[in-house]
Amino acid sequence: MTAEPRTAAEPAAQPAPDETVHHWSLDDFRALDFDPFLHDRLKEKRAARIRLPFGQGDAWLMSRYADVKAATTDPRFSRSELVGRTITASSPHAIASQKASLNYADPPRLNDMRRVVARAFTGKAMQKLRPTIQRTTDGLLDGMEQHGSPADLVEHLHGPLPLAAVADLLGMPHEMRADMTDWANVAMTPGPAPAQSVDALKTVRETVVALLEMRRKEPADDLAGVLTSAAAAGEITDDEAVSLATAILVSGAHAVRNNSANMVYALLTHPEHLERLRAEPELIPQAVDELLRFIPHRSGVGLPRIATRDLEIAGVRIKAGDTVYSSYLAANRDPEVFPDPDRLDFDRGPIAHMAFGNGPHHCVGSMLARMESEVMLATLLDRYPRLALAVPPEQVEWQEGGLIRGPKSLPVSW
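Quick summary incoming for the structure in this document.

Each value, and the rule that gives it
- Residues numbered from 1 in each chain as written.
- Predicted model: local features only at pLDDT ≥ 70, side-chain atom pairs only at ≥ 80, totals over all residues.
- Heavy atoms only, no water.
- Helix = DSSP H or I, 4+ residues; strand = E, 2+ residues; numbered from the N terminus.
- Rg over C-alpha atoms; globule rule 2.2 N^0.38 Å.
- Buried < 20%, exposed > 50% of the residue type's maximum accessible area, 1.4 Å probe, protein only.
- Contact = heavy atoms within 4.5 Å.
- Pairing = 2+ DSSP bridges.
- Salt bridge = Lys/Arg side-chain N within 4 Å of Asp/Glu carboxyl O.
- Phe/Tyr/Trp six-rings, centres within 6.5 Å; stacked < 30°, edge-to-face > 60°.
- Lys NZ or Arg CZ within 6 Å of the ring centre and 35° of its normal.
- Axes fitted to C-alpha atoms, helices over the stretch in contact; angles between N-to-C directions.
- Parallel < 35°, antiparallel > 145°, perpendicular 65-115°, else oblique.
- Left-handed = near helix turned anticlockwise from the far one by under 90°.
- Nonpolar A, V, L, I, M, F, W, Y, C, P; charged D, E, K, R; others polar.

1. Observations regarding the overall build of the protein
Next up, step 1: Counting its secondary structure elements, the protein contains 14 helices and 11 strands.
Next up, step 2: A compact globule built from 414 residues would reach a C-alpha radius of gyration of about 22 Å, and the protein, at 21 Å, matches this within 12%.
Next up, step 3: Projected onto its principal axes, the C-alpha positions of the protein cover 65 × 55 × 40 Å.
Next up, step 4: Looking at the protein as a whole, 55% of its 414 residues are labelled buried.

2. As for the side chain of Thr323
Next up, step 1: Locating Thr323 in the fold gives a position in strand S9 (residues 323–326).
Next up, step 2: A residue is classified by how much of its surface remains accessible, and Thr323, at 7% relative accessible area, is buried.
Next up, step 3: Excluding anything up to four places from it in sequence, Thr323 contacts Asp58, Ala59, Trp60, Ile87, Pro304, Arg305 and Ile306.

3. Quick notes on the sheet that holds strand S11 (residues 411–413)
Strand pairing in a sheet takes place through backbone hydrogen bonds and is either antiparallel or parallel in direction.
Next up, step 1: The strand order S5-S11-S10 describes an open sheet built from three strands, whose pairing is antiparallel. Looking at which strands have only one partner, the edges of the open sheet turn out to be strand S5 (151–152) and strand S10 (388–389).
Next up, step 2: Across two bridges, the pairing between S5 and S11 is antiparallel. By the bridge assignment for S11, Asp152 is matched with Pro411.

4. A short note on the pairing of strand S3 (residues 59–62)
Next up, step 1: In S3, alternate side chains face the same way, and those of Ala59 and Leu61 on one face and Trp60 and Met62 on the other are all buried.
Next up, step 2: Pairing between strand S2 (residues 48–51) and S3: three bridges, direction antiparallel. Within S3, the residue paired with Ile50 across the bridge is Ala59.
Next up, step 3: With three bridges joining them, S3 and S9 adopt parallel strand pairing. Counted as the bridge partner of Trp60 is Val324 from S9.

5. Digging into the pattern of salt bridges
Next up, step 1: Tallied over the entire structure, the rule returns 30 salt bridges.
Next up, step 2: Of the charged contacts, one joins Arg333 and Asp342 as a salt bridge, the two residues approaching to 2.6 Å between their closest N and O atoms.
Next up, step 3: Through salt bridges with shared partners, one network takes in Arg109, Asp112, Arg115 and Glu240.

6. Section: the environment of Tyr104
Next up, step 1: Structurally, Tyr104 is set in the loop between strand S4 (77–78) and helix H3 (109–118).
Next up, step 2: Judged by relative accessible area, which is 6%, Tyr104 ranks as buried.
Next up, step 3: Expressed as a C-alpha distance, the spacing of Tyr104 and His361, which sit 257 residues apart in the sequence, is 9.5 Å.

7. Some details on the packing of aromatic side chains
A ring pair, where both rings are aromatic, is described by two values, the distance of the centres and the angle of the planes.
Next up, step 1: The final tally for this structure, using the stated rule, is four aromatic pairs.
Next up, step 2: Ring geometry for Tyr384 versus Trp414: centroids 5.5 Å apart, planes at 50°, classification tilted. Here Trp414 lies in the segment after S11 and Tyr384 lies in the loop between helix H14 (366–383) and S10, a separation of 30 residues in the sequence.
Next up, step 3: Residue class for Trp414 comes out partly exposed when judged on its relative accessible area of 26%.
Next up, step 4: The ring of Phe37 has Arg41 sitting right over it, with the charged end atom 4.5 Å from the ring centre.

8. Re the packing of helix H6 (residues 160–170) against H14
Next up, step 1: Following both chains from N to C, one finds H6 and H14 inclined at 135°, their axes separated by 11 Å at the closest point. Regarding the angle of H6 to H14, the classification is oblique. Relative to H14, the crossing made by H6 is right-handed. Note on element contacts: H14 touches H6 through Leu368, Glu372 and Met376, opposite Leu161, Pro162, Ala165 and Leu169.
Next up, step 2: Residues of the contact of H6 with H14, tallied by class, amount to six nonpolar, no polar and one charged.

Note that every value here comes from positions in space, so none of it alone points to a role or purpose.
Quick look at the structure:
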């Protein structure tokens, strides 16, 4: 059982003119080590002032569960107010398009766009897609076995499966998928190569434009078809259709690639948890949720919000125009909500983690991401009773400078 979260209604204090501004360097950490900067912020009773590596100015950071929950549901904080602003940021450029984007929209327009996308993410649609994902998983692992042990799970499973799943959802023909995983990976790794990241994102968007144009001529019952039909009916604009499809494709191909590999790495380095899931496979859905809470799946923070008026929250007074970030990673390690939060514990029961965000911008693809992870873990555990890392854990190579954390490769034997 989890503890009840705190309320955010705490005495507010006006920030002193000399208040400390924490410079958050967003260093790469070893494996799944949690960022000590966030651990330190959780020890504080109020929001912190931060400065990130890119952009200009300072921002507020919400870290505790109750404060993150409050900031991500309070309508006085706006995403649309971000458009055109130069703010302190984790990336040298915007990954999500600021034009006609779900990520930069506020209710009620945000709700209109989410309603359209939700037509392709119903429980019925996910269950219909599950056998396809299972067949793809089985085929990819057949190919890995032909390669022979040891093999790289990222190359053979975690890279191609999430792309296949989201491309199948979109209705993207196989000839359009070539190199899409690499493009998504480069787009979401802007630190070392910002120019290449921009070029990769442009290529993905051009592919999406071509897909939607094809679907206008050849209607079908897939996400691309849903988006083109909604655009034709005037529910969304053509630009919004492109932006929605691009965001779902990039995040679906990249985030699940990394986080599913993170999950397998976590299990292979927690052998007692691995053996328990072998003995109790019915625990896999619950284990996936705990792994989502436990794994620090990104570096830094995602998109912030802008305060549209003066308000008090998290022990501070925030002024209209201030930038406010919320750390879902930190919220998932709040000891007042998740006792002993740094321990992987499959007995927590149902947990309201924030790995998929919170509030109006909660990830629309969360059901698909969960399902993919469940299928991958269940299939690996069933097929490979001796699955193990083929190298010592410290020799696993990890991505550098990425917004989403994950192994470059995951050598395993079986």
